[in-house]
Amino acid sequence: MSAVLRTVNRVLIGLVGLVLVLLGGSVLAVGLGAGPPSWWIHHGPHDVLLGAAERTRWRGTGWWWPAVLAALAALVLLALWWLVAVLRRRRLAEVVVDTGDGEEALLRGRALEGVLADESGNMDGVQQAHVQLTGRRGAPAVRVRLLLEPHVDPGTALHQLTGQALTHARDSARLAALPAEVRLRAARHRAARVN
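A. The arrangement of the nonpolar core in detail. Residues Leu116, Val142, Leu146 and Leu161 are the most contacted members of the largest nonpolar core, which totals 24 residues. Secondary-structure elements contributing two or more residues to this core are β1 (94–98), α4 (109–121), β3 (126–135), β4 (140–148) and α5 (154–172). The dominant element in this core, judged by the number of residues it contributes, is α5, at 5 residues. Setting aside its immediate chain neighbours within four residues, Val142 contacts Leu116, Val131, Gln132, Leu133, Thr134, Leu178, Pro179, Ala180 and Glu181.

B. Summary view of the pairing of β1. Bridge analysis of β1 against strand β2 (residues 104–108) gives 5 bridges, and the strand direction is antiparallel. When the sheet's bridge partners are listed, Glu94 is paired in β2 with Arg108. Connecting β1 to the antiparallel partner β2 that follows it, the hairpin turn spans 5 residues, and Gly100 within it adopts a positive phi of roughly 95 degrees.

C. Here's a closer look at a negative patch on the surface. A surface patch of like charges, here negative, comprises Asp98, Asp101, Glu103 and Glu104. Looking at the element boundaries, Asp101 is found in the loop between β1 and β2. Note on Asp101: relative accessible area 57%, which makes it exposed.

D. Here's a closer look at the pairing of strand β5 (residues 180–186). For β4 and β5, the ladder comprises 7 bridges, and the chain directions are parallel. Opposite Leu146, over in β5, you have Leu184 as the bridge partner. Crossover β4 to β5 through α5 is right-handed.

E. Region of interest: the sheet that holds β4. Spatially, β3-β4-β5 is the arrangement adopted by the 3 strands of the open sheet, whose pairing is mixed. The strands lining the two open edges of the sheet, one partner per strand, are β3 and β5. Pairs of neighbouring strands in the sheet enclose a mean axial angle of 15 degrees, with direction left out of account. Contacting β3 and β4, α4 runs over the sheet at an angle of about 150 degrees to β3.

F. Structural view of the pattern of salt bridges. Across all of its chains, the model carries 4 salt bridges by this definition. Ionic pairing is found between Arg170 and Asp171, a salt bridge with its closest N-O pair at 3.6 Å. What makes Arg170 partly exposed here is its relative accessible area of 29%. With a shortest N-O distance of 3.1 Å, Arg183 and Glu181 are connected by a salt bridge. Where salt bridges share partners, they join Arg143, Glu181 and Arg183 into one cluster.

G. Representation of α5 in the model. If you check α5, its first and last C-alpha atoms are 26 Å apart, about what 19 residues at 1.5 Å a residue would give, namely 27 Å. At Leu161, α5 shows its largest kink, close to 35 degrees. Taken as a whole, α5 has its buried residues at Ala157, Gln160, Leu161, Ala165, Leu166, Thr167 and Ala169. In this structure, the buried side of α5 is in contact with α4, β4 and β5. With its phi angle positive at about 55 degrees, Arg174 sits one or two positions after the end of α5.

H. Inspection of the packing of α4 against α5 at higher detail. In contact at an axis separation of 10 Å, α4 and α5 are set at 155 degrees when each is read in the N-to-C sense. What the angle tells us is that α4 and α5 run roughly antiparallel. Of the two elements, α4 crosses α5, and the hand of that crossing is right-handed. The segment α4 lies against α5, with Leu112, Leu116, Glu119 and Ser120 engaging Leu161, Gln164, Ala165, Leu166, His168 and Ala169.

So, how was this worked out
- Residues numbered from 1 in each chain as written.
- Predicted model: local features only at pLDDT ≥ 70, side-chain atom pairs only at ≥ 80, totals over all residues.
- Heavy atoms only, no water.
- Core = buried A, V, L, I, M, F, W, Y, C linked by side-chain atoms within 4.5 Å.
- Buried < 20%, exposed > 50% of the residue type's maximum accessible area, 1.4 Å probe, protein only.
- Helix = DSSP H or I, 4+ residues; strand = E, 2+ residues; numbered from the N terminus.
- Contact = heavy atoms within 4.5 Å.
- Pairing = 2+ DSSP bridges.
- Patch = residues over 30% accessible without salt bridge, like charges linked within 9 Å, V, L, I, M, F, W, Y side chains within 5 Å.
- Areas by Shrake-Rupley, 256 points an atom, 1.4 Å probe, with all protein chains shown as cover.
- Salt bridge = Lys/Arg side-chain N within 4 Å of Asp/Glu carboxyl O.
- Lys, Arg positive; Asp, Glu negative; His and termini not counted.
- Charge placed at Lys NZ, Arg CZ, Asp CG, Glu CD.
- Right-handed = clockwise from strand over helix to strand, strands pointing away.
- Axes fitted to C-alpha atoms, helices over the stretch in contact; angles between N-to-C directions.
- Expected span 1.5 Å × (residues − 1).
- Bend = angle between axes of the 7 residues up to and from the residue.
- Parallel < 35°, antiparallel > 145°, perpendicular 65-115°, else oblique.
- Left-handed = near helix turned anticlockwise from the far one by under 90°.

Given below as structure tokens:
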């Protein structure tokens, strides 16, 4: 999930939760006998939330129904976009491999991710490796995150990754190209004491 989508997701969930808590809490408070402000739509425990006067207030004006329909349509489109964005799979489930005889085979994405993570994690100076396949079945791409030991040169680690692990994966799956986004991070360590 991208950072923008995570932010939108949290803001929308927070706003919906806040509105529901405020409305539900105020209706409950009024129902239990608390005095509502004069502008509030609910005035007592036996009052309905929307009476006939509130429901038919703007019925005769020409702008009311188009505005209501436009707002509801925008709300439905926003909710559908949010649902699709949350449910969409980010991981590539399988990769199409050319077998060389004109046929194709399917390679599980998790298997390729596991092999890449193992080979990347076994490189000198790499403390931890995380790999995720993205893209399409016929044109996969890779996201690699490496946690490096404090003494490792990032350029050397990147050169080893591209020259060994990514090259092996590309060649073994017979892919024309395997684009990669690599993020390197140094592991935290305590300062060395000098005596």
